[in-house]
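Understanding the architecture of this molecule
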Amino acid sequence: MIRNLVILGGGTAGWMAAAALSQTFRHDGLNIRLIESDEIGTIGVGESTIPAIRDFNRLLGIDEQEFIRETRATPKLAIKFSGWGRPEDHYFHPFGQVGHDIHAVDFHQYWLSLRNEAGIAEFSRYSIAAEAAEQGRFSLPSQSNNFWSPTFNYAFHFDAGLYAAYLRKYAQARGVERIEGKYLGADRNPETGNIARLNLASGASIEADFFIDATGFRALLLNGVLDSQYESWKEWLKCDSAIALPCSSAKPLKAFTHATAHSAGWRWRIPLQHRVGNGSVYSSEYISQEDALDDLLKNLESEPLAEPRYISFLPGMRQEQWKHNCVGVGLSSGFLEPLESTSIYLIQFAIQKLIEYFPVSPDFSLTQTEFNLQLTKEYLRVRDFIIMHYAENQRDDSVFWQDCRNMSLPEGLAYRQAMFRNAGIVDPTQYGVYAAVCLGQNLIPEFYDARVNEMPATERKKILQEIKLEQEAFISRFPKMDDWLLSLGANLGATK
Ligand SMILES: Cc1cc2nc3c(=O)[nH]c(=O)nc-3n(C[C@H](O)[C@H](O)[C@H](O)COP(=O)(O)OP(=O)(O)OC[C@H]3O[C@@H](n4cnc5c(N)ncnc54)[C@H](O)[C@@H]3O)c2cc1C
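Conventions adopted
- Per chain, residue numbering runs from 1 following the sequence as it is written.
- Confidence filtering applies because this is a predicted model: local features only for residues at pLDDT of at least 70, side-chain atom pairs given and counted only at 80 or more, and all residues used for totals across whole chains, interfaces and linings.
- Calculation of side-chain values draws on the structure's entire complement of heavy atoms; hydrogens and water are dropped beforehand.
- Nearness here has a simple test: a residue counts as near a molecule or strand if at least one of its heavy atoms is within 4 Å of that partner.
- Identification of polar contacts relies on pairs of N or O atoms within 3.5 Å, with a donor-acceptor requirement for protein atoms, meaning one able to donate a hydrogen and the other able to accept it, and with residues adjacent in sequence counted only if both atoms are side-chain atoms.
- Residue-level accessible areas treat just the shown protein chains as cover; the underlying method is Shrake-Rupley with a 1.4 Å probe.
- Each helix corresponds to a stretch of at least 4 residues labelled H or I by DSSP, and each strand to a stretch of at least 2 residues labelled E; elements are numbered beginning at the N terminus.
- Under this grouping Gly is polar, as are all residues other than the nonpolar Ala, Val, Leu, Ile, Met, Phe, Trp, Tyr, Cys and Pro and the charged Asp, Glu, Lys and Arg.
- In the sections that follow, a salt bridge refers to a side-chain nitrogen of Lys or Arg positioned within 4 Å of a carboxyl oxygen of Asp or Glu.
- A 1.4 Å probe rolled over the protein chains alone gives each residue an accessible area, and that area as a share of the maximum for its type sets the label: buried under 20%, exposed over 50%, partly exposed in between.
- Working convention for charge: Lys and Arg count positive, Asp and Glu count negative, and His plus the chain ends are omitted.
- Residue count minus one, scaled by 1.5 Å, sets the expected span of a helix.
- What the arc measures is the spread of directions leading from the helix axis to the C-beta atoms.
- By the convention used here, residues are in contact when the closest approach between their heavy atoms is within 4.5 Å.
- Pairing of aromatic rings covers Phe, Tyr and Trp, the last through its six-membered ring, and needs centres within 6.5 Å; plane angles under 30 degrees mean stacked, over 60 mean edge-to-face, and all others mean tilted.
- For a ring to carry a charge above it, either NZ of a lysine or CZ of an arginine must fall within 6 Å of the ring centroid while also lying within 35 degrees of the normal to the ring plane.
- Only buried residues count toward a nonpolar core. Its members are Ala, Val, Leu, Ile, Met, Phe, Trp, Tyr and Cys residues joined through side-chain atoms within 4.5 Å.
- In short, DSSP must find at least two bridges between two strands for them to pair.

In this section: the site of the ligand. Taken together, the neighbourhood of the ligand is formed by 34 residues, with Gly10, Ser48, Tyr183, Ser343 and Ile344 sitting nearest. Interatomic distance of 2.8 Å between a backbone N/O atom of Gly10 and an oxygen atom of the ligand. One of the backbone N or O atoms of Tyr183 is found 2.8 Å from a nitrogen atom in the ligand. Protein burial of the ligand: of its 1,000 Å² of free accessible surface, 97% is covered by the chains. By residue number, the principal contributor to the shell around the ligand is helix H8 (residues 343-356), which donates 3 residues. When its residues are assigned to classes, the shell around the ligand shows 15 nonpolar, 15 polar and 4 charged.

Structure (structure tokens):
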């Protein structure tokens, strides 16, 4: 059994790992130390999440209302995509269901049968999450026993710096020791190749049985010491650069991340209680940094609160995320890109798997292999989901979008897209909202499920209209999101 564990790096990944491990193994005598360097700092972005974050909060036993106040968080019900199919298009990736199954057939099949009829709304708008997000309303799904309550879910937007600070307080209260210091190098056990100790600029040497590399893109242990190779996916994910630029908060708040396509990538908008996080994600091969900044500034809704922050990245993952006695968590293990806000989710996934497969014997090669398999599978699943957004575009306004449309897809994705294009068949291993994203991108199937025609078209149309009316009546009872946050004691003022 591991007794001494050291986490190198104190960004979101490092403190999430420290919090979860200190909570899970609090009675097992696991000694956890975290080394971080204030001088180096964190990446400072990563503020939009998916609903899985609520499972992480539950694992930690966190009080959600306190979490919202401390991290200046806002609820997130959806991602709104603008300009991803054609420049004038908008659609939502809502958290939760769209419509409901009818006679055990997916709702999107019924929608497909009626989509050209008058009075039929855009597909994702038959969802509580999308509609409430657009209207700037929010309520907890659990606070009503209405039929529609369990059909939606939510995540959070939060301040990345405050989130790390919040988890740090949590982990330190559970015995995690924080060491301020700059890592210089490591010594390895000559027999096993395992990392034996980390050497700091202060002259201190920190020994442990097991290490977590949470050093961000630097990957100081996984890459720097253990030479775990990086697999690039730039062939499909062309964006390799970002500019982050916060601006002052605009009220009323709306519970969605906005992803707006531009000529060589996209811009994000993340509403927090006290500011709006903005950024541009772009391919440096198709647009210059100056032009990307110019586009971002032109679209900023209020005055910037800081200098632009420039970030370069290479989409991909490390082939061995667990190598010898070291696991990479966070950006050290890989990064796709910010679209669909999945990086913090992948951190959470890695931590969850590490907890499940935590070494309990000196030979942990089997669990290590399984960990690497599971992580690779999950990375590939998320990767293909993101690639689909780029591949299924109909924009003709730039070479970037034309190249995205014409690229050859990874085999599994090409097959799944063909299945959807044929008869709207959704791969069961993909996300529940896969149909919403495909249809939002105008990937319209040629045929629909034969069972749908068992019901006359007039009856189908009546059901869809009733769904919309019931959903609207339900949402009209939700408070405005600003009021909901204020009722929790949130501070919507502009203080940092
Ligand atoms: C443009 C962009 C937008 C993003 N948006 C989202 C989003 O909306 N949602 C999402 O889920 N994710 C997003 N991400 C990803 C997200 O930012 C990361 O997953 C998250 O912040 C975790 O980062 P990290 O902790 O791995 O790395 P970092 O934050 O870089 O932390 C690294 C840590 O290692 C320490 N360190 C480094 N070198 C040394 C050394 N020599 N000695 C001691 N300590 C050292 C640093 O001080 C720091 O504490 C985004 C990423 C980018 C690039």
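After presenting the structure, the write-up continues.
On to the pattern of salt bridges. This model, assessed by the stated rule, comprises 34 salt bridges. Between Glu131 and Arg125 there is a salt bridge, with its nearest N and O atoms 2.8 Å apart. Take Glu131: its relative accessible area is 9%, and that puts it in the buried class. Arg125 sits in the partly exposed class, given a relative accessible area of 23%. When salt bridges with common partners are traced through the structure, they connect Glu36, Asp38, Arg168, Arg178 and Glu180 into a single cluster.

A positive phi is found at Arg72, a non-glycine position, where the angle reads about 50°. By secondary structure assignment, the location of Arg72 is in the loop between helix H3 (64-70) and strand S3 (74-76). Given a relative accessible area of 8%, Arg72 falls into the buried group. Of note in the backbone geometry, Asp227 takes a positive phi value of approximately 55° without being a glycine. Among the secondary structure elements, Asp227 is positioned in the loop between strand S11 (210-213) and strand S12 (230-232). On the basis of relative accessible area, Asp227 is assigned to the partly exposed category, the value being 46%.

Although Arg72 is buried, it forms no salt bridge, and the closest oppositely charged side chain is Asp159 at an N-O distance of 7.3 Å. Within the local environment of Arg72, its side chain forms a polar contact with the backbone oxygen of Asn491, the two atoms lying 2.4 Å apart. Polar contacts involving the side chain of Arg72 include one to the main-chain carbonyl oxygen of Gly493, which spans 3.1 Å.

Here we come to helix H11 (residues 411-423). An α-helical turn contains 3.6 residues, so any two residues separated by three or four positions project in the same direction. If you check H11, its first and last C-alpha atoms are 19 Å apart, about what 13 residues at 1.5 Å a residue would give, namely 18 Å. Turning to H11, its buried residues are Leu413, Arg416, Gln417, Phe420 and Ala423. Buried residues along H11 cover an arc of 165° about the axis, so they all sit on one side. Of the exposed residues in H11, the ones pointing more than 90 degrees away from its buried face are Glu411 and Tyr415. Looking at the buried positions of H11, the neighbouring elements they touch are helix H4 (107-114), helix H9 (365-391) and helix H12 (434-440).

Within this structure, the stated rule accounts for 36 aromatic pairs. Summarising the aromatic geometry, the rings of Trp233 and Tyr379 are spaced 6.4 Å apart at their centres and angled 50° between planes, so their arrangement reads as tilted. Taken together, the residues span a long stretch of sequence, with Trp233 in the loop between S12 and strand S13 (241-244) and Tyr379 in helix H9 at a distance of 146 residues. Accessibility expressed as a relative area gives 1% for Trp233, which makes it buried. By relative accessible area, which is 3% here, Tyr379 ends up buried. One aromatic cluster is present, built from ring pairs that chain together Phe81, Trp84, Tyr91, Trp266, Trp268, Tyr286, Tyr390, Phe400 and Trp401. Sitting over the ring of Trp233, Arg383 keeps its end group 4.9 Å from the ring centre. Over the ring of Tyr126 we find Lys468, and its NZ or CZ is 5.6 Å from the ring centre.

A word on the nonpolar core. Soluble, globular proteins show a tendency: their nonpolar side chains are buried together. Counting 153 residues, the largest nonpolar core has Trp84 and Tyr390 as its most contacted members. No other element matches H9, which puts 10 residues into this core. By size, the runner-up hydrophobic cluster in this structure holds 16 residues, among which are Val6, Ile179, Leu198 and Ala208.

Looking at the element boundaries, Ala132 is found in helix H5 (residues 128-135). Along the primary structure Ala132 and Glu472 are separated by 340 residues, whereas in three dimensions their C-alpha atoms are 8.8 Å apart.

Across the 8 residues of strand S17 (residues 275-282), 8 count as buried, placing the element largely inside the fold. Here S17 shows a buried face lined by Arg275, Gly277, Gly279 and Val281 and a second buried face lined by Val276, Asn278, Ser280 and Tyr282. Note: S13 against S17, 4 bridges, orientation antiparallel. In the sheet register, Ala242 faces S17, and the bridge partner there is Val281. Alignment of strand S14 (residues 247-248) against S17, held across 2 bridges, turns out to be antiparallel.

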